[in-house]
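# Secondary and tertiary structure notes
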Amino acid sequence: MRARKWASAAVLVGTMAAVTPPVAVAESSGLQEFYGQRPQWGQCVIAGDPVEGLQCATLVVPMNYRKPGAERISVTISKVPAKDPAKRQGVLLLNPGGPGAWGLMLPLRLADRPIAQVYDLISFDPRGVGSSTPLMCEASLPIGTFPSRPTDDQFELYTAQARATEADCERAAGGLRPYINTPNTARDMDVIRGVLGEQKINYLGFSYGTYLGAVYGSLFPGKLNRSVLDSAIQPDWSWHELWRQQAIAARANVDALFTWLAERNSVYGLGKSHAEVYASSEALAAKLRAKPITDPTTGATVDSSYYDFFVLGYLSRARSAWDYLGKLIKTLKAVGDGSIAVDSPAAKDATEAVKVMRAAAIPRTREGVFDTIRCEADWPQDLSYYYDQMRLFREKYPYWDGVAKTAPNNCTFRSFTPPDKVTDLKRVGYPTGLVIQAEGDTNTAYAGGPALAGRLRDHLVSIEDDGGHGHYGDNVCASDIVDRYLVDGVLPSTRVTCPSRGKRPDVPADGAETVSRRAAPQQSLTEFARQFVANQANRICQA
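Rules used throughout
Residues numbered from 1 in each chain as written. Predicted model: local features only at pLDDT ≥ 70, side-chain atom pairs only at ≥ 80, totals over all residues. Heavy atoms only, no water. Disulfide = S-S within 2.5 Å. Helix = DSSP H or I, 4+ residues; strand = E, 2+ residues; numbered from the N terminus. Buried < 20%, exposed > 50% of the residue type's maximum accessible area, 1.4 Å probe, protein only. Expected span 1.5 Å × (residues − 1). Arc of directions from axis to C-beta. Axes fitted to C-alpha atoms, helices over the stretch in contact; angles between N-to-C directions. Parallel < 35°, antiparallel > 145°, perpendicular 65-115°, else oblique. Left-handed = near helix turned anticlockwise from the far one by under 90°. Contact = heavy atoms within 4.5 Å. Nonpolar A, V, L, I, M, F, W, Y, C, P; charged D, E, K, R; others polar.

### Some remarks on the state of the cysteines
A full pass over the atoms with the stated rule returns four disulfides. Across the disulfide, cysteine 375 is cross-linked to cysteine 411 (sulfur-sulfur distance 2.1 Å). What sets the handedness of the cysteine 375 and cysteine 411 disulfide is the S-S torsion sign, and at about -90 degrees it is left-handed. Placement of the pair is cysteine 375 in the loop between helix H13 (370-373) and helix H14 (383-396) and cysteine 411 in the loop between helix H15 (402-406) and strand E13 (434-438), with a sequence separation of 36 residues. Pair check on accessibility: cysteine 375 and cysteine 411 agree, each one buried. One disulfide in the model links cysteine 477 with cysteine 498; its S-S distance is 2.0 Å. With the S-S bond torsion at -65 degrees, the cross-link from cysteine 477 to cysteine 498 turns out left-handed.

### Concerning helix H18 (residues 525-537)
A rise of 1.5 Å per residue sets the reference length of H18, with its 13 residues, at 18 Å; its end C-alpha atoms lie 18 Å apart and thus fit the reference within 8%. Within H18, the full set of buried residues consists of Leu525, Thr526, Phe528, Ala529, Phe532 and Val533. Take H18 and look down its axis: the buried residues cluster within an arc of 160 degrees, on one side only.

### So, helix H6 (residues 208-219)
Over its twelve residues, H6 extends 17 Å from the first C-alpha to the last, a length consistent with the 16 Å expected when each residue adds 1.5 Å. In terms of burial, H6 is a largely internal element, eleven of the twelve residues being buried. Regarding H6, the residues found buried are Tyr208, Gly209, Thr210, Tyr211, Leu212, Gly213, Ala214, Val215, Tyr216, Gly217 and Ser218.

### Looking at the packing of helix H7 (residues 240-262) against H14
With their axes 11 Å apart at the nearest point, H7 and H14 run at an angle of 15 degrees to one another. On the basis of their axis angle, the class for H7 and H14 is roughly parallel. Here the hand of the crossing between H7 and H14 comes out left-handed. When H7 is examined against H14, the residues His240, Arg244, Ala247, Ile248 and Arg251 are found in contact with a partner set consisting of Tyr385, Tyr386, Gln389, Phe393 and Lys396. For the contact of H7 with H14, a count of residues per class yields five nonpolar, two polar and three charged.

### As for the packing of helix H4 (residues 155-172) against H14
As a packed pair, H4 and H14 sit with axes 11 Å apart at the nearest point and diverge in direction by 125 degrees. One element, H4, and the other, H14, form an angle in the oblique class. H4 and H14 meet at a crossing whose hand is right-handed. Where H4 abuts H14, its residues Phe155, Glu156, Tyr158, Thr159 and Arg163 lie against Leu383, Tyr387, Met390, Arg391 and Arg394. For the contact of H4 with H14, the class distribution of residues is five nonpolar, one polar and four charged.

Read these as layout, nothing more, since geometry by itself doesn't imply function.
See below:
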């Protein structure tokens, strides 16, 4: 669920908001001057370059809504006006997730969708990030290395890193950090609504944005019209349990991959059953722990942690990548067994492919908002609980940094008292919406979709056999359903299933009668990795 930033830091032209008399609609006491701002729209300038077709403005909001006369911060918003003014239905407010993802560029990413004809597409950099008042945390050097399957003696290293991360934020965050939370971001959204002169907003949120949208509807039910929550957070999992469930979902994808590979042992040679493929993979991981594979020319290295995180954890969710993933595992196994030389072209191709995926998966910057919003709910304090979980996940769920997801977190040592309670999510007073969820999503596990749809009494669109995250604009079936709902107001069935966009590779199972051609792929492993990473970067919701 942690998403990449949507754009580089933005410099805005002519975007400071003037304060005018309050709008006609009465707002909360003491907040009239914020709701009464008149945005001064100007062209966005991002990384020094003007962005064609995207308008921006900067608003002022209270840092603490309980003391609106005290400190103030800025929130920057963006807009692509409705392309058919005669059919305009208001505004569609967008959020890409995160928490902490930048949102200014999101309207442009959706500008070719039918929704752009009838809605002003509005997005924003939430408080604490991007062109809004940023929350900065220091970034100390890592205390050590964190293997995917640490020994008990290494557990305390995770604890020390968690304490250091919290201290880094506490030193640099000033007075802002306690007020970076989901309820305050929802309150900022309502100021945006008022500033735009709208009685109600429509909403489309991805990933963490689903929780944000549900919180907005719970706090401002009379101000929300249609809503779409794409890749939903389970409402009872904020935030500790959500991290545990990510690792469990990753293991489910790896198990599905192993079953698929076992059915094609004549192609991949990793075993004829799930148990045999699992045993082959575990043997490879053990060899990589003892002796990582290193390209003697480039220095590209694959060790057991890279294997658990990037090879299995990062790629297994993508069904369309399973053929290449099987060949990558087969090649690494051959190098580990000594049947392929480490300096052979095949070995070089494999290590370089892992290097490409690793570079794409590692966050490039540390986001203070991400390390803060997760702390709005209480985390367990007992270190022995975490260490017991780490032992369990080391054995059963080591993929995609599964152990780290159960280790002590900076929020275990939270240095501030949250000013708001966790919001009781409910839908009372606004229309039925849509929830979209993929069967194999690791960022927000599938259980979150039915749970949130049930809590809000929304309709659920499930994506079968799909590990993707964020589906509007990517999955044709789900996108058509969303467009008809947002544009025409037509709800689908209460439960709908859409096929996956990324089909499993057309590699027949052993013994299957088929006319499919079992041909070797034309791309190298490295070329496939680069294409895969590029395709992920072009998705509406990036994970």
